[in-house]
Amino acid sequence: MRGAALEVLRAGALTTVQDLGRPGHAHLGVPRSGALDAGAHALANRLLGNPPEAAALETTLDGVGLRALAPVTVAVTGAPCAVRVSGSPVAWGAPVLLRAGAVLEVGRAESGVRSYVAVRGGFAVPPVLGSRSTDLLSGLGPPVLSAGTLLPVGPAGPDPVRGADAPAAPGMPAELVLPLRPGPRADWFEPASVAALWRTEFRVSPASNRIGLRTEAGTPLIRGRGGELPSEGMVLGAVQVPPDGLPVVFLADHPVTGGYPVVGVVPAGPALDAAAQARPGVPVRFVRAR
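Below or above, wherever it landed, is the structure these notes cover. In this text, all values refer to a predicted model and were calculated from it rather than measured experimentally. (Residues numbered from 1 in each chain as written. Predicted model: local features only at pLDDT ≥ 70, side-chain atom pairs only at ≥ 80, totals over all residues. Heavy atoms only, no water.)

With that out of the way, let us pick up unusual backbone geometry. For the peptide bond that leads from Gly183 to Pro184, omega is 10°, which places it in the cis range. Residue position: Pro184 is located in the loop between β12 (176–182) and α2 (191–197). The phi torsion at Leu61 lies on the positive side, around 70°, for a residue other than glycine. The residue Leu61 is located in the loop between β3 (56–58) and β4 (64–68) in this model. Taking the relative accessible area as the measure of exposure, Leu61 reaches 35% and is therefore partly exposed. (Helix = DSSP H or I, 4+ residues; strand = E, 2+ residues; numbered from the N terminus. Buried < 20%, exposed > 50% of the residue type's maximum accessible area, 1.4 Å probe, protein only.)

Both β4 and strand β9 (residues 103–109) contribute to a ladder of four bridges, which runs antiparallel. Each residue of the ladder has a partner; that of Leu66, found in β9, is Leu104. (Pairing = 2+ DSSP bridges.)

What follows covers empty space enclosed by the protein. Applying the stated criterion to the full structure yields one cavity of 30 Å³ or more. Each pocket or cavity is described by its volume, and for the largest cavity that value is around 30 Å³. For the largest cavity, the full set of lining residues is Ser193, Ala196, Leu197, Thr200, Phe202, Thr219, Pro220 and Leu221. The dominant element in the lining of the largest cavity, judged by the number of residues it contributes, is α2, at three residues. Grouping the amino acids of the lining of the largest cavity by side-chain chemistry returns five nonpolar, three polar and no charged. (1 Å grid on protein atoms, 1.4 Å probe; cavity = no way out; pocket = protein on both sides within 12 Å on 5 of 7 lines; lining within 4 Å. Points joined across faces, edges and corners; volume = space filled by probe spheres on them. Nonpolar A, V, L, I, M, F, W, Y, C, P; charged D, E, K, R; others polar.)

Right, let's get into the packing of aromatic side chains. Enumeration according to the criterion identifies one aromatic pair in this entry. Seen from their ring centres, Phe202 and Phe286 are 6.0 Å apart, and the 75° between their planes marks the pair as edge-to-face. Here Phe202, found in strand β13 (residues 202–204), pairs with Phe286, found in strand β20 (residues 283–288); they are 84 residues apart in sequence, far enough to count as distant. Judged by its relative accessible area of 0%, Phe202 falls in the buried class. The exposure class of Phe286 is buried, given its relative accessible area of 0%. (Phe/Tyr/Trp six-rings, centres within 6.5 Å; stacked < 30°, edge-to-face > 60°.)

So, in structure tokens, the structure goes:
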């Protein structure tokens, strides 16, 4: 609908606009960015008949509150949470019609960390380098949401609202298992230390964010050589090991270069989606990628 928009009433702890990100600009120093839980973002758009690249909102822990300024259809996926429209409960993981003036309240995550709020037509904030994603590291894209922000909605595409393939609400995983492809700098660590990596249980650190999932409480990796690497390119899922020896898994807003050695890479896919939903204290274990 022409002129449709949503007004932010409650911004939550951290709510940003995210789409598929800005891949292909690392040579310019621009991170990838984009939705951390790519599967949940894709599902929200699919439920509404949006194209995969449509921009949605990514909330953190305590949701968001929005007022519809014209009739729109929305869907909430990702971390399970209570969803209400003008005080009345509505479905999570399904299309929901908001009439003009209706208030959508996306509640606190019951498990996981990040929920996704999509609108039919997508959020039509101005793109930067081909993406509408907020990048916390570089500052590109729209600012972090605040109360009073108006979010324009784009025109609906030709595909119909589906609302038929949402899975049951996922529960909190007992542990986060990350497949790891060793290298390119695994030889910078003692062989016994790398061998112990497959037996070590780490925990998700509270210092984790969109840039990286930090670990704590595990057995640190021990370097087998001194000195430092010149800065080299970093990719999504790279597991960098800082001087404390505790791995950091790079997520969507990761820097494009880094000087700490990378012991391995977690392939993009469901494991990184799960990393986006892992709360502090959840056990983390690395296994060899097949």
